[in-house]
Amino acid sequence: MKKIISIWVLAAIISLGFYSCKNSNSPQAVTEKFLVSFVKMDYETAKSISTKNTWGLLDIWASFSKQIPDEVKEKKTENFVVKITDTKKESDTSMIVTYVTEPKILPFNKIRLLQEKDLEGNVKWKVDISTLDLLGGDDFYIEEENKAVDEDASMQPIDSINSNKADTAKKK
């Protein structure tokens, strides 16, 4: 009888252990893993959880990071912290995850994730950052604090030479 009870208790503990595990494929978990891999300059891991669209950008960052000494890389990762602040469904197959990192490592604070199916048909979340999105000025990647500067820059410049001539002509 004691054996049967022991087996049931053991089965319950194992079941509870599996149930309490975090989903490592959630958009939040994938975002955190991507950012940690990025700051560690582990671009192979970052590629494994990102779309092909993102690989070109990761290759560029990898080529620049080859020149950084290992001591600097280690120091950068020592106190690195990621905090997921928001997750929004963009469509049936995409999510936008907003985050804050300390220290700040990227010029944006949102990442788009897309659902992709692997060879077995399992759905996986993948980080999707495109160089065209970044260079094209997509408002998605512009943080709120920088938007005001961009809006002011779009105002028409004042032609001070012609306005001075107009003021002089009015005075005569």
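Conventions used here
Residues numbered from 1 in each chain as written. Predicted model: local features only at pLDDT ≥ 70, side-chain atom pairs only at ≥ 80, totals over all residues. Heavy atoms only, no water. Helix = DSSP H or I, 4+ residues; strand = E, 2+ residues; numbered from the N terminus. Polar contact = N/O pair within 3.5 Å; in protein donor to acceptor, adjacent residues only side chain to side chain. Salt bridge = Lys/Arg side-chain N within 4 Å of Asp/Glu carboxyl O. Buried < 20%, exposed > 50% of the residue type's maximum accessible area, 1.4 Å probe, protein only. Pairing = 2+ DSSP bridges. Axes fitted to C-alpha atoms, helices over the stretch in contact; angles between N-to-C directions. Phe/Tyr/Trp six-rings, centres within 6.5 Å; stacked < 30°, edge-to-face > 60°. Expected span 1.5 Å × (residues − 1).

## A look at the side chain of aspartate 128
Position of aspartate 128 relative to the elements: it lies in strand β4 (residues 123-128). Among the polar contacts made by the side chain of aspartate 128, one reaches the side chain of threonine 51 at a distance of 2.7 Å.

## Describing the pattern of salt bridges
Following the criterion strictly, the structure yields four salt bridges and no others. Salt-bridge contacts for lysine 47 lead to aspartate 59; the nearest nitrogen and oxygen are separated by 2.6 Å. Note that lysine 47 is positioned in helix α3 (residues 43-48) and aspartate 59 in helix α4 (residues 52-65), a separation of 12 residues in sequence. For lysine 47, a relative accessible area of 18% translates into the label buried. Of the charged contacts in the structure, one is a salt bridge between lysine 88 and aspartate 86, with a shortest N-O distance of 3.8 Å.

## Points about the sheet that holds β4
On the basis of which strands lie adjacent, the open sheet formed by four strands has the order β1-β2-β3-β4 and antiparallel pairing. Strands with a single pairing partner mark the edges of an open sheet, and in this sheet they are β1 (81-91) and β4. If you compare each strand with its neighbour and ignore which way they point, the axes differ by 30 degrees on average. The pairing of β1 with strand β2 (residues 94-102) spans nine bridges and is antiparallel. Paired with isoleucine 84 across the bridge in β2 is tyrosine 99.

## A look at the packing of aromatic side chains
Under the counting rule described, the total for this entry stands at three aromatic pairs. Between phenylalanine 34 and phenylalanine 38, the aromatic rings sit 6.5 Å apart at their centres with planes inclined by 20 degrees, giving stacked as the arrangement. You can see phenylalanine 34 and its partner phenylalanine 38 sitting in helix α2 (residues 27-39), four residues apart, about one turn around the helix. For phenylalanine 38, a relative accessible area of 8% puts it in the buried group. On the basis of an interplanar angle of 80 degrees and a centroid distance of 5.9 Å, the ring pair of phenylalanine 38 and tyrosine 43 is categorised as edge-to-face. The same class applies to phenylalanine 38 as to tyrosine 43, namely buried. Feature note: the residues Phe34, Phe38, Tyr43 and Trp61 constitute an aromatic cluster, connected by ring pairs.

## Focus on the side chain of serine 50
As for its position among the elements, serine 50 is in the loop between α3 and α4. When its relative accessible area of 2% is taken as the criterion, serine 50 is described as buried. A polar side-chain atom of serine 50 sits 2.9 Å from the main-chain carbonyl oxygen of alanine 46.

## A word on α2
Along its 13 residues, α2 runs 18 Å from first to last C-alpha, staying within 8% of the 18 Å computed at 1.5 Å per residue. Within the span of α2, buried status applies to Pro27, Val30, Thr31, Phe34, Leu35, Ser37, Phe38 and Val39. Directly beyond the C-terminal end of α2, a positive phi value near 60 degrees is found at methionine 41.

Just distances and angles here, no functional claims.
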